[in-house]
Amino acid sequence: MRKHTGGKEIIRPAPTRFATNFIALQSILVQKDALRAMVTSKEWTLSAYAKESKAKKFVDLVLDSIFWKECAIIVQLTEPLVRVLRIVDSDERPAMGYLYAAMHRAREELLRRFSRKKKTVDPFLRIIDSRWDSQLHKNLHAAGYWLNPAYQYNSLDLEKHRHATSGLLDVIERYSYANPDLMSNLTGEMRLFRKAEGDFGRVSAIRDRDVMLPGTQKLTSFLLMI
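Cut-off values and rules
Residues numbered from 1 in each chain as written. Predicted model: local features only at pLDDT ≥ 70, side-chain atom pairs only at ≥ 80, totals over all residues. Heavy atoms only, no water. Helix = DSSP H or I, 4+ residues; strand = E, 2+ residues; numbered from the N terminus. Buried < 20%, exposed > 50% of the residue type's maximum accessible area, 1.4 Å probe, protein only. Contact = heavy atoms within 4.5 Å. Areas by Shrake-Rupley, 256 points an atom, 1.4 Å probe, with all protein chains shown as cover. Expected span 1.5 Å × (residues − 1). Polar contact = N/O pair within 3.5 Å; in protein donor to acceptor, adjacent residues only side chain to side chain. Axes fitted to C-alpha atoms, helices over the stretch in contact; angles between N-to-C directions. Parallel < 35°, antiparallel > 145°, perpendicular 65-115°, else oblique. Left-handed = near helix turned anticlockwise from the far one by under 90°. Nonpolar A, V, L, I, M, F, W, Y, C, P; charged D, E, K, R; others polar. Salt bridge = Lys/Arg side-chain N within 4 Å of Asp/Glu carboxyl O. 1 Å grid on protein atoms, 1.4 Å probe; cavity = no way out; pocket = protein on both sides within 12 Å on 5 of 7 lines; lining within 4 Å. Points joined across faces, edges and corners; volume = space filled by probe spheres on them. Core = buried A, V, L, I, M, F, W, Y, C linked by side-chain atoms within 4.5 Å. Phe/Tyr/Trp six-rings, centres within 6.5 Å; stacked < 30°, edge-to-face > 60°.

J.: Sorry, what's going on with the overall build of the protein chain here?
T.: Along the backbone of the protein chain there are 15 helices and zero strands. Counting across all 226 residues of the protein chain, residues that qualify as buried make up 36%. A separation of at least 24 residues holds for 62% of the contacts in the protein chain among residues at least 6 apart in sequence. When the accessible surface of the protein chain is split by element, carbon and sulfur atoms take 56% of a total near 14,300 Å².

J.: Whenever I open this one, helix H13 (residues 180-194) confuses me. Can you help?
T.: Residues separated by three or four positions in an α-helix point in the same direction, a consequence of the helix having 3.6 residues per turn. The end-to-end C-alpha distance of H13 is 21 Å, a good match for the 21 Å that 15 residues give at a rise of 1.5 Å each. Taking the backbone nitrogen of aspartate 181 as reference, a side-chain oxygen 3.1 Å away marks asparagine 179 as the first, capping residue of H13. The positive-phi residue at the C-terminal boundary of H13 is alanine 196, with phi of around 55°.

J.: Can you walk me through the packing of helix H9 (residues 139-146) against helix H12 (residues 164-175) in this structure?
T.: The packing of two helices is summarised by the inter-axis angle and the distance between the axes. Two numbers describe how H9 lies on H12: the axes approach to 7 Å, and their chain directions differ by 115°. Comparing their axes, H12 and H9 come out roughly perpendicular. For H9 against H12, the interelement crossing comes out left-handed. Note on element contacts: H12 touches H9 through Ala164, Thr165, Gly167, Leu168, Asp170 and Val171, opposite Asn139, Leu140, Ala142, Ala143, Tyr145 and Trp146. The class makeup of the residues in the contact of H9 with H12 is eight nonpolar, three polar and one charged.

J.: What's the story with the side chain of glutamate 109 in this structure? I'm lost.
T.: Structurally, glutamate 109 is set in helix H7 (residues 96-113). Side-chain polar atoms of glutamate 109 contact the side chain of arginine 112, separated by 2.7 Å. Contact partners of glutamate 109, with chain neighbours within four places excluded, come to Pro80 and Arg83.

J.: Is there a simple way to explain the pattern of salt bridges in this structure?
T.: Pairing of side chains with opposite charge becomes possible as their charged atoms draw close. One pass over the structure, following the stated rule, counts nine salt bridges. Taking the shortest distance from any N to any O, the salt bridge between arginine 2 and glutamate 9 comes out at 2.6 Å. Its relative accessible area of 38% is what places glutamate 9 among the partly exposed residues. In the salt-bridge network here, residues are joined through shared partners; they are Glu79, Glu109, Arg112 and Arg113.

J.: Explain the layout of surface pockets to me, please; I cannot follow it from the model alone.
T.: Reported here for the largest pocket is a volume of approximately 520 Å³. Around the largest pocket, the lining is made up of 20 residues, and of these Leu81, Leu85, Met103, Ile128 and Arg131 lie nearest the centre. Contributions of two or more residues to the lining of the largest pocket are made by helix H6 (65-89), H7 and helix H8 (118-136). Sorting elements by how many residues they give to the lining of the largest pocket places H6 first, with eight residues.

J.: Looking at this structure, how should I read the environment of tryptophan 132?
T.: Along the polypeptide, tryptophan 132 turns up in helix H8. A relative accessible area of 8% places tryptophan 132 in the buried class. Between the C-alpha atoms of tryptophan 132 and tyrosine 100, which are 32 residues apart in sequence, the distance is 9.6 Å.

J.: When you look at the nonpolar core in this model, what are you seeing that I'm missing?
T.: Note on soluble globular proteins: their nonpolar side chains tend to be buried together. By size, the foremost hydrophobic cluster in this structure holds 33 residues, and its most contacted members are Leu110, Tyr145, Trp146 and Leu168. Taken together, the elements giving at least two residues each to this core come down to H6, H7, H8, H9, H12 and H13. In this structure leucine 168 touches Ala143, Trp146, Leu147 and Met190, once residues within four positions along its chain are discounted. Grouped together as the second largest cluster of nonpolar side chains are ten residues, Ile10, Leu35, Met38 and Val59 included.

J.: Looking at this structure, how should I read the packing of aromatic side chains?
T.: Each aromatic ring pair is summarised here by two numbers: the centre-to-centre distance and the angle between the ring planes. For the structure shown, the criterion picks out nine aromatic pairs. Relative to phenylalanine 193, the ring of tyrosine 153 lies with its centre 5.6 Å away and its plane at 75°, an arrangement referred to as edge-to-face. Of this pair, tyrosine 153 sits in the loop between helix H10 (149-152) and helix H11 (155-160) while phenylalanine 193 sits in helix H13, and the two are 40 residues apart along the sequence. Given a relative accessible area of 24%, tyrosine 153 falls into the partly exposed group. Residue classification places phenylalanine 193 among the buried residues on the basis of a relative accessible area of 2%. By the ring-pair criterion, three or more aromatic residues cluster together here, those being Tyr98, Tyr100, Trp132, Tyr145 and Tyr151.

Given below as structure tokens:
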């Protein structure tokens, strides 16, 4: 196999422990031609392995065009979701400020990929929507999105998710415990952040909006007030 794949492995360590099978499927699809060449090579057909029942089933699959078609569909469906899983499972940065946008972008990507095959993608979108609505679509995720400078100052992105503001306000109202002074301080900080005033308007803050983690800016004090 390594001879035909140029030394590349089919199974490799996954960036996220929740997506090993899907990432392996991506690798298999990439090596489609190499695997087909392998099972039709003289070296394979004359080997003892080729005579085993499991090997025969393997060859039948590798040479089956329907298998590769279905493989491609599964990879197209799972790639956007695997990217979301990588965010959730990453130790490099907290996922809270990124998950809301990532899920919406994954859904949009699926709609784009299957724009001409709506019947194929619809059952999967229903599953995604069900999981999102029941488990993930929480006000804290909306607040994390709104408070992320990478999204806050992207007017097109923020306009698309205007309702995230309501999620943040719900969080403020809930965790201010009816303290009017705290609520006023928090909404005041919201205005400063939205308009990039005060420390949020500093050259360093503007420069680092897309690269610095939300929690490392003055935003930390805002969250601690909650």
